[in-house]
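# A structural walkthrough
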Amino acid sequence: EAKGLGRNHVCFYAPQMHEKILERVTLDSSFRLALQRNEFVLHFQPQWSRERKMIGVEALVRWIHPEKGMIPPGVFIPFAEESKLILPLGRWVMQSAMAQLACWQETTQLRDLVMSINVSVLQFTTVDFVSEVEDALTQTGVNPAQIQLELTESMLVRDQLDIIQKMQALKKLGVLISLDDFGTGYSSLSYLQQLPIDQLKIDQSFTRAIEESDKQASLAASIIGLGHNLGMEVIAEGVETQAQFDWLKNHGCDLYQGFLLGRPQPSNEFVITEDTN
Ligand code: C2E
Ligand code: MG
Ligand code: MG
Ligand code: MG
């Protein structure tokens, strides 16, 4: 088999390095092709209220590779960032997520959902970002108040004035802003307080730690308190057990997302499983 031969051959001189370069080149060309061929799909993971009502979804991108099958974003997002291909992919995600919401807005059951969309560092840093969001809103005609952009704490470290101005411009469009993976970065409290953030998203690592010890759990409680003191909504991600859900609920968490409540799924399989417990 040609592939095997190639591998043995490069092993002779520069095994790892050569393979890495080879892998990269292959990834690069297949990723570009994937963009042209539209091999990406969005899955949607439900977000629930304290009363277990589904009030939102997060759009999560997947690459359906013709040979390798479904490739999770953890594998290709870092590469997409590095190669700047995240820019066309990010525009596609933004458009498609809003188009899906526009479609759901025609059905009575799903019409009020908030659609959360992940934004990458590079995407947020481009000068055109705000106008791209505006264009997507105009083209799809969705209600901006039902669009929530997920930024990460790690992207707040650069030019603070630029970040504040961009966030303010986004708020002017009427969209919501969520801070994803919160608690894993290093934003100062005085800085956080200056940002027009609507929601803090507790990172999965804190949710997981709740059942480990009281000391660990106190971190999640502190984030809930911090968010509420700053007038923000707080959502926990990675909720996998009933015990985590109950604990978070007892500590005032507003929203919940995780395998306990629903896995990411394609839009056509989207069914409302409203649980009134
Ligand atoms: P994220 O935004 O923090 O998304 C949450 C991740 O946790 C998702 O993984 C989701 O499937 C997973 N998850 C949800 N509930 C649970 C749970 O109960 N337990 C566990 N163990 N995991 C859970 P996914 O879909 O593989 O996405 C990984 C990351 O890739 C995302 O983390 C986000 O940073 C990035 N990503 C995904 N879609 C996009 C996108 O469209 N654009 C950009 N820029 N990044 C994206
Ligand atoms: Mg996210
Ligand atoms: Mg997250
Ligand atoms: Mg995360």
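Residues numbered from 1 in each chain as written. Chains lettered and ligands numbered in written order. Predicted model: local features only at pLDDT ≥ 70, side-chain atom pairs only at ≥ 80, totals over all residues. Heavy atoms only, no water.

### Overview of the overall build of the protein chain
Along the backbone of the protein chain there are 11 helices and 10 strands. Pairs at least 24 residues apart make up 66% of the contacts formed inside the protein chain by residues separated by at least 6 positions. Accessible area for the protein chain stands at about 14400 Å²; split by element, carbon and sulfur atoms hold 53% of it. (Helix = DSSP H or I, 4+ residues; strand = E, 2+ residues; numbered from the N terminus. Contact = heavy atoms within 4.5 Å. Areas by Shrake-Rupley, 256 points an atom, 1.4 Å probe, with all protein chains shown as cover.)

### As for the coordination of the magnesium ion (ligand 3)
Only Asp 180 (OD), Asp 181 (OD), Glu 237 (OE) and Glu 237 (OE) from the protein coordinate the magnesium ion (ligand 3), and they sit 2.1 to 2.3 Å from it. For the magnesium ion (ligand 3), the donor residues sit on a single chain with the sequence spacing D-D-x55-E. According to the relative accessible area criterion, Asp 181 is partly exposed, its value standing at 25%. (Donors = N, O, S within 2.8 Å, 3.2 Å for Na, K, Ca; no water. Buried < 20%, exposed > 50% of the residue type's maximum accessible area, 1.4 Å probe, protein only.)

### What about the site of ligand 1?
Contacts to ligand 1 come from 22 residues, most closely from Arg 62, Asp 180, Gln 204, Glu 240 and Phe 259. Between ligand 1 and the protein, one listed contact pairs a nitrogen atom with a side-chain N or O atom of Gln 45 at 3.0 Å. Calculation on ligand 1 without its partners gives an accessible area of 800 Å², and the protein chains cover 81% of this total. At the level of secondary structure, the elements contributing two or more residues to the shell around ligand 1 comprise strand E2 (54-65), helix H3 (73-82) and strand E6 (176-182). Looking at the shell around ligand 1 element by element, the count peaks at 4 residues for E2. Class assignment of the residues belonging to the shell around ligand 1 gives a composition of 9 nonpolar, 6 polar and 7 charged. (Near = heavy atom within 4 Å. Polar contact = N/O pair within 3.5 Å; in protein donor to acceptor, adjacent residues only side chain to side chain. Nonpolar A, V, L, I, M, F, W, Y, C, P; charged D, E, K, R; others polar.)

### What about the packing of aromatic side chains?
In this structure the tally under the stated criterion is 10 aromatic pairs. Ring plane angle 45 degrees and centroid distance 6.0 Å describe the contact between Phe 31 and Phe 76, whose orientation is recorded as tilted. Of the two residues, Phe 31 is situated in helix H2 (residues 15-37) and Phe 76 in helix H3; the sequence distance between them amounts to 45 residues. Both residues of the pair, Phe 31 and Phe 76, count as buried. Plain terms: the ring middles of Trp 63 and Phe 76 are 5.9 Å apart, the flat faces sit at 90 degrees to each other, and that makes the pair edge-to-face. Of the two residues, Trp 63 sits in strand E2 while Phe 76 sits in helix H3, which places them 13 residues apart along the sequence. Residue class for Phe 76 comes out buried when judged on its relative accessible area of 1%. Each residue in the set Phe 31, Phe 40, Trp 63, Phe 76 and Phe 79 is aromatic and connected to the rest through ring pairs, giving one cluster. (Phe/Tyr/Trp six-rings, centres within 6.5 Å; stacked < 30°, edge-to-face > 60°.)

### What to know about the pattern of salt bridges
Pairing is possible between side chains that carry opposite charge, provided their charged atoms lie close to one another. All told, the structure shown has 6 salt bridges when counted by the stated rule. Residue Glu 39 is joined to Arg 37 by a salt bridge in which the shortest nitrogen-to-oxygen separation is 3.5 Å. Here Glu 39 falls in the buried class, since its relative accessible area comes to 11%. On the basis of relative accessible area, Arg 37 is assigned to the exposed category, the value being 52%. (Salt bridge = Lys/Arg side-chain N within 4 Å of Asp/Glu carboxyl O.)

These results come straight from atomic positions and should not be treated as a statement about function.
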